[in-house]
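These are the residues of each chain, in order.
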Amino acid sequence: MKKSTVGGLLAGLLVLVSTQQLSAGAKQEAPRAKDTLVVSVGGGITSGDYEPWGWDYGFEGMSIFHTALLKINVNVETEPDLATGFTISDDGLVYTYTLRRDVKFSDGTSLTAEDVAFTYETAKNAGGSVDLTMLKSIEVLDGDTVRFTLNKVFSPFIRTTALVGIIPKKGYGPGYSRNPVGTGPFKLKQIDVSQQLIVEPNPYYYGIKSPFKQITFLNIDEQTALATARSGQIDVVMVNPEYARETVRGMRLETIKTSDNRGFNLPVIPQTTNAAGQVVGSNVTSDPIVRRALNIGISRQEIINNALNGIGTPSWIRFEGLPWANEEPGLKDSQVDEARRILQQAGWVDGDGDGIREKNGVRCEFRITGRADDLQRYNLAVALSENARKLGINIIAESTDWPQAQRSARGIPTCIGTGSYSFYDVFTAFHSSLAGIDTVSLGNSPMYTNPAVDWYIDAMLGAKTEAEAFGFAKQAQYDGKGGPNVDLPYLWLVTIDHTYFVRDGLSLGVQRIHPHGHGMPVIQNLNEWKYQ
C-alpha cells in the first residue's frame, strides 16, 4: 500500500468519527467476532526492522515472526521452545541444545541445527541489541543438535537463547529485515514502513494458531487512534495514562502489570569534568543524605497521581516484579519530617529564607530531564520537581531530546525506563566497570562503585544455574549490611502499567508481566488472542 492509500484510510476513518459524533445516541452494536483485527501499539512494530537482534523490534522476545530455542513463560522462567532441552557442562562453558523435529519456517522449509548456528554467527557479527561477545564458537553436532562454547562463564546466556529468534540460513540475505521468514506464529503480508504492517498466520507454526486471517498494525498518534477506536474501526489501542480516563463505547480499558520502572539516576560523585570537557557528577546528589532524603521524603503516589493520572504502582527498586528483585531492607516514603531532619542534621539549611537549603555555599538544587518525545517521562520530571520542593530541594525539570538526555545523564539526571527479562540488567545497573566518567551510556549512570556489589554481580554472572544467579543478584542489591538498596544511587518512582482499550469480546489471553517496550509487549502472545 502506498502512503497516499494509508492517508486515505485514516481520512476515511476520521470521516466516520465525525459522522458518529454528529449521530450522538446512535445504537451501539453488540460485540461480534471478526476474522480480522486492526491494532495500534506504537510505531515500533511498523519499523521494518524485523531481524531478531534489531533494537526496534526483536529485543525482549517480542517477535511475532520468530521463535527462539527457549522462551519466557508467565512466571518469567525459561522453558523449551524450538529446543526440546539443553545441557550445561560442569565448567559452565558449553551449552548443548537439542531441537524439536516438527518445526518449519514460514516458507515451508524445515528448521535445522545449521540454521541455529547461522543465526548466532550472523547476530554476533551484526552487533545490535544482543551481546554475544562471550560466544567463542558454535558447532553443529548433527541435524538436531547444536553446541555453544563460551569464552567465559556467563549465566545470562540461558536468557539470551530465549530472546534471539532463529532465521533460515538459506532464506537470509539482503532485504530480509523487511521480508522476514521465521518459525513464529505469523508471517508478513505487507509493510509500509512507519505507517502500517499487515500480518497473517504462519500455516507451518507448531504452536497455537491464531483464529484471525489478518491483523493490521497502524502507526498513528494516540489522539487519532482514540478517534478511530470510537469509530469502531480499530480493536486494540495502546494509550498512555493521560488518555486512560477516556471512555470508548464498545471497548474496555485493560491495565497490564509490568516490570517497566521509571526513575532518575542520582550521580554519586562530586562535580568534575571528563576528558570530553563535559561536566559530570553533582555536588548535591553526591551527598548520600540528599539521596536518602529524596527517597524517603517524596510521595510516590502523589507523583503518580499528578503525572500519570494515578495509574501505576509506587516503587523504589529497579527490578519490580522480577524473580531477582530484592526489596530488603524496605523503604517507606512520605516521611517529610524525617527527611527534613536528616538534611538539617547534615548541614543543609535554608539560611536565606528562600525555601531552598544550602550547605557550604552550595544550593540544594539540580537539573533533571525528561525526554521530549515521551510525555510520561517529562510529566514525571515535573511532578518530582514539585514534590521535592517541600523538602527544601529545588529540582529543575527540563525537556530534552533523548540522545542529548543520554549524553548528559552523568551530570544531569534523566528519567530512565527499565524492565528486562534478563537478570544481566543487574550488571548494567550497578557494576563499577560501567561507572567511568567518560562513559556515554545509561549503564550505571550514577557512577556507583561498591567492591562487595561487584563481587556479588561477578558471582551472578559465573553461576551455574539461574536459581544460584538470582540469589547473587538479590545480594548485589542488599546483603543484609549494605548495597544500592541503602546507598540509593537511583530515585525510582513507579512501575508503570501498560494500558489498552480493547474491543468488547476480544480476549488478549494470559499476559506475562510486560518488560520495557513502549506498549508493544502486549503482542507477545498475539496468536492467543481470540473472541470469546
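Above this text you will find the structure in question.
Given the structure is predicted, the values throughout are model-derived calculations rather than measurements. (Residues numbered from 1 in each chain as written. Predicted model: local features only at pLDDT ≥ 70, side-chain atom pairs only at ≥ 80, totals over all residues. Heavy atoms only, no water.)

This part covers the environment of T161. Following the sequence through the fold, T161 ends up in helix α3 (residues 157–163). Taking the C-alpha atoms as reference, T161 lies 15 Å from R100; in sequence the two are 61 residues apart. (Helix = DSSP H or I, 4+ residues; strand = E, 2+ residues; numbered from the N terminus.)

Most of helix α4 (residues 222–230) is tucked away: seven of the nine residues are buried. Burial in α4 covers these residues: E222, T224, A225, L226, A227, T228 and A229. The N-capping residue of α4, defined by a side-chain oxygen 3.1 Å from the backbone nitrogen of Q223, is D221. (Buried < 20%, exposed > 50% of the residue type's maximum accessible area, 1.4 Å probe, protein only. Polar contact = N/O pair within 3.5 Å; in protein donor to acceptor, adjacent residues only side chain to side chain.)

Our focus in this paragraph is the sheet that holds strand β13 (residues 261–265). Spatially, β16-β22-β13-β21 is the arrangement adopted by the four strands of the open sheet, whose pairing is antiparallel. Edge positions in the sheet fall to β16 (313–314) and β21 (415–417), since each has one partner strand and no second. As judged from the five bridges shared by β13 and strand β22 (residues 490–495), these two strands associate in the antiparallel manner. Following the sheet pairing, G263 is matched in β22 by W492. (Pairing = 2+ DSSP bridges.)

Inspection of every chain in the model, using the stated rule, returns 22 aromatic pairs. Taken together, a centroid distance of 6.2 Å and an interplanar angle of 85° make the contact between F319 and F430 edge-to-face. Separated by 111 residues along the polypeptide, F319 in the loop between β16 and α7 (336–345) and F430 in helix α10 (residues 424–430) bring together distant segments of the chain. You can call F319 buried: its relative accessible area is 2%. Among the aromatic residues, those joined into a cluster by ring pairs are F86, Y95, Y97, Y120, F148 and F157. Over the ring of Y490 we find R318; its NZ or CZ atom is 5.6 Å from the centre of that ring. In this structure, R377 packs its charged tip against the face of W402, placed 5.0 Å from the ring centre. (Phe/Tyr/Trp six-rings, centres within 6.5 Å; stacked < 30°, edge-to-face > 60°. Lys NZ or Arg CZ within 6 Å of the ring centre and 35° of its normal.)

This is a description of form; function is not addressed.
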